[in-house]
Amino acid sequence: MRALILVDIQNDFLPGGSLAVEQGDEIITLVNSIQSKFDLVVASQDWHPENHSSFASNHKNKEVFEVIKLNGQDQVLWPNHCVQGTDGAAFSSALNTDNVAAIFRKGMHKKVDSYSAFFDNNKTQHTGLEAYLKSMQVTDVYVCGLAADYCVYFTAKDAQNLGFKTYYITDATRYISEVVYNTALLDLKQLGVTILNSADI
Ligand code: VGL
Ligand code: ZN
């Protein structure tokens, strides 16, 4: 069984959104068109409370994109984004969600950020995605969506470490930072993740 994970294709990560990924909108037509190649399609949704600790606005004298220590880990402070129930947190209306079998929300705990669609950044809370995929006999996981260097990267990394044969579709994602992206791709290659183009699925 082959599954496609649509990572965080939400308005706030698209041009015009509060944490817009440059050219993020360019992936949507492609993401729609590749869905039919999979046995199962699932989606993740970044879903933060307003008082979330990943927001710079919730820290005194901190700027957006500054890095602080949170629970002993480096934490980038983001603009407010994907606040539960807001339009920014909604999936892009251009995204075809008709075939999405299940949606896994993340980042709901005020004190912990959650990039991966599988666990939070402390690896303490599961979203349920691993158990769901395993219950559906999924062996191969393909990742796409936003952002390439954060949530798509960490989702691919966890999928591979959890024993799924993992594929990262480069043309179906866009990054926030090119430097972070290059490091992420190197790490994924070393872990054994297959980096491919949608034409090679
Ligand atoms: C993401 C930063 C903060 C992502 C989510 O979806 O890549 N990035 N929250
Ligand atoms: Zn977030």
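The structure this text deals with has already been given above.
Model, not experiment: these values are computed from the prediction.

1. Here's the deal with the site of ligand 1
Working step 1: Residues in contact with ligand 1, as listed here, are D8, F13, L19, D46, W78, H81, Y115, L146, A147, Y150 and C151.
Working step 2: Contacts to ligand 1 include D8, whose side-chain N or O atom sits 2.7 Å from an oxygen atom.
Working step 3: One of the side-chain N or O atoms of D46 is found 3.0 Å from a nitrogen atom in ligand 1.
Working step 4: In isolation ligand 1 offers 250 Å² of accessible surface; the protein chains occlude 100% of this area.
Working step 5: Considering only residue class, the shell around ligand 1 consists of 8 nonpolar, 1 polar and 2 charged.

2. Considering the environment of E66
Working step 1: When you line up the elements, E66 lands in the loop between strand 2 (40-46) and strand 3 (67-70).
Working step 2: On the accessibility criterion, E66 (27% relative accessible area) is partly exposed.
Working step 3: For the pair E66 and V76, spaced 10 residues apart in the sequence, the C-alpha separation amounts to 5.8 Å.
Working step 4: Look past the residues within four positions of E66 in its chain and what remains in contact with it is N61, Q75, V76 and L77.

Procedures and definitions
The numbering scheme is per chain: residues are counted from 1 as the chain's sequence reads. To label them, take the chains in the order written and letter them from A, then take the ligands in the order written and number them from 1. Per-residue local features are limited, in this predicted model, to residues with pLDDT of at least 70; the limit for side-chain atom pairs, both in listing and counting, is 80 or more; totals at the level of whole chains, interfaces and linings are taken over all residues. Excluding hydrogens and water, the side-chain figures rest on all heavy atoms present in the structure. Proximity is defined per residue: any heavy atom of the residue falling within 4 Å of a molecule or strand makes that residue near it. Polar contact is the term for a pair of N or O atoms within 3.5 Å; when the atoms are in protein, one must be able to donate a hydrogen and the other to accept it, and sequence-neighboring residues count only if both atoms are side-chain atoms. Residue exposure ignores everything except the shown protein chains as possible cover, and the areas themselves are Shrake-Rupley values with a 1.4 Å probe. Note on residue categories: nonpolar means Ala, Val, Leu, Ile, Met, Phe, Trp, Tyr, Cys or Pro, charged means Asp, Glu, Lys or Arg, and polar means any other residue, Gly included. To qualify as a helix, a DSSP run of H or I must reach at least 4 residues; to qualify as a strand, a run of E must reach at least 2; elements of each kind are numbered from the N terminus. A 1.4 Å probe rolled over the protein chains alone gives each residue an accessible area, and that area as a share of the maximum for its type sets the label: buried under 20%, exposed over 50%, partly exposed in between. For this analysis, residues touch if any pair of their heavy atoms sits within 4.5 Å.

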